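# Per-entry structural report
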Amino acid sequence: MSSRSLLLISASLLFAGCAATIPRELRDARSAYNQAAEDPATLQKTPAKLYEAREALTVAERSFNEDGDTAETRDRAYIALRKAQLATVLARTEVQRERAAHAKDAAREARDEKAAQTQEELARTKAALAAEQTESAAAQQQLEAERARRDEAERRATQAINALAKVALPIGKPEDKI
């Protein structure tokens, strides 16, 4: 083997060895950042926090590249992880806050619409009741007038019968005249 081949193999093994020793915290920070960067809500609602997470991840990556798997690298990766998670959580919180506000507005609109419908229905019912009461009062007046006419007719009939009875009494029975 040539020295060049040995150098390439050594570099490959060194690179593979380094790749195998990437701290879990750094892998988690990369994953969390990638998820946050792919989330439309995070991109739209918390771009500044996402930028802070990217900067923290860059610092952690630089620390790993320069110093390897050290406590400081793991700490910086942990900070990057938390910043990425914070960006995602704040974005989701804002989305939920907006949804709650929309739901509250929709509920208020539905309540107001229902109240308006109820008021309209109440007004129609009151108008129908007033019309019914007017008709009932008119029918009551007609009934009273009819009773008064009937009472007057009965009074006249009674007077006429009494007058006829007075006239018929003096005449007497036909047998009495013989």
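Residues numbered from 1 in each chain as written. Predicted model: local features only at pLDDT ≥ 70, side-chain atom pairs only at ≥ 80, totals over all residues. Heavy atoms only, no water.

Further remarks concern the pattern of salt bridges. As enumerated under the stated definition, the model contains 16 salt bridges in all. Two residues, Asp105 and Arg108, come together in a salt bridge whose shortest N-O distance is 3.0 Å. You can see Asp105 and its partner Arg108 sitting in helix H5 (residues 71-171), three residues apart, about one turn around the helix. In this structure Asp105 comes out as partly exposed when scored by relative accessible area, which is 33%. Among the charged side chains, a salt-bridge network with shared partners connects Arg24, Glu25 and Asp28. (Salt bridge = Lys/Arg side-chain N within 4 Å of Asp/Glu carboxyl O. Helix = DSSP H or I, 4+ residues; strand = E, 2+ residues; numbered from the N terminus. Buried < 20%, exposed > 50% of the residue type's maximum accessible area, 1.4 Å probe, protein only.)

Attention now goes to helix H2 (residues 24-38). Over its 15 residues, H2 extends 21 Å from the first C-alpha to the last, a length consistent with the 21 Å expected when each residue adds 1.5 Å. Within H2, burial applies to Glu25, Leu26, Ala29, Ala32, Tyr33 and Ala36. For H2, the arc enclosing every buried residue in end-on projection is 125°, short of the 170-degree limit, so these residues lie on one face. Opposite the buried face of H2, by more than 90 degrees, sit the exposed residues Gln35 and Glu38. (Expected span 1.5 Å × (residues − 1). Arc of directions from axis to C-beta.)

Below, the discussion takes up the confidence of the model for the protein chain. Within the protein chain, residue pLDDT values average 87, and 83% of them lie at 70 or more. Between residues 1-13, whose pLDDT stays under 50, and residues either more than four places distant or in other chains, the model counts two contacts. (pLDDT = per-residue confidence, 0-100. Contact = heavy atoms within 4.5 Å.)

Counting across every chain of the model gives zero aromatic pairs. The positively charged end of Arg54 is found above the aromatic ring belonging to Tyr33, 5.4 Å away from the centroid. (Phe/Tyr/Trp six-rings, centres within 6.5 Å; stacked < 30°, edge-to-face > 60°. Lys NZ or Arg CZ within 6 Å of the ring centre and 35° of its normal.)

Another aspect to go through is the nonpolar core. Of all hydrophobic cores here, the largest spans 16 residues; its most connected members are Leu26, Ala29, Tyr33, Leu57, Ala77, Ala80 and Ala84. Of all the secondary structure elements, the ones that give two or more residues to this core are H2, helix H4 (47-67) and H5. Those residues in contact with Leu57 that sit more than four places away from it in its chain are Leu26, Ala29, Arg30, Tyr33 and Ala80. (Core = buried A, V, L, I, M, F, W, Y, C linked by side-chain atoms within 4.5 Å.)

In this structure, Ala36 sits in helix H2. A residue is classified by how much of its surface remains accessible, and Ala36, at 0% relative accessible area, is buried. Separated by 48 residues in the primary sequence, Ala36 and Ala84 have C-alpha atoms spaced 6.3 Å apart. Among all residues touching Ala36, those that are not within four sequence positions of it are Thr42, Leu50, Ala84 and Thr88.

Before going further, it helps to examine H4. Given 3.6 residues per helical turn, the α-helix brings residues three or four places apart onto the same face. In this model H4 runs 30 Å from its N-terminal to its C-terminal C-alpha over 21 residues, within 8% of the 30 Å that 1.5 Å per residue would give. Residues of H4 that are buried include every one of Leu50, Ala53, Ala56, Leu57, Ala60, Glu61, Ser63 and Phe64, and no others. Buried residues in H4, looked at end-on, bunch into an arc of 160°, giving them a common side. Along H4, exposed side chains directed more than 90 degrees from the buried face belong to Ala48, Tyr51, Asn65 and Glu66. Immediately beyond the C-terminal end of H4, within one or two residues, lies Gly68, with a positive phi of roughly 85°.

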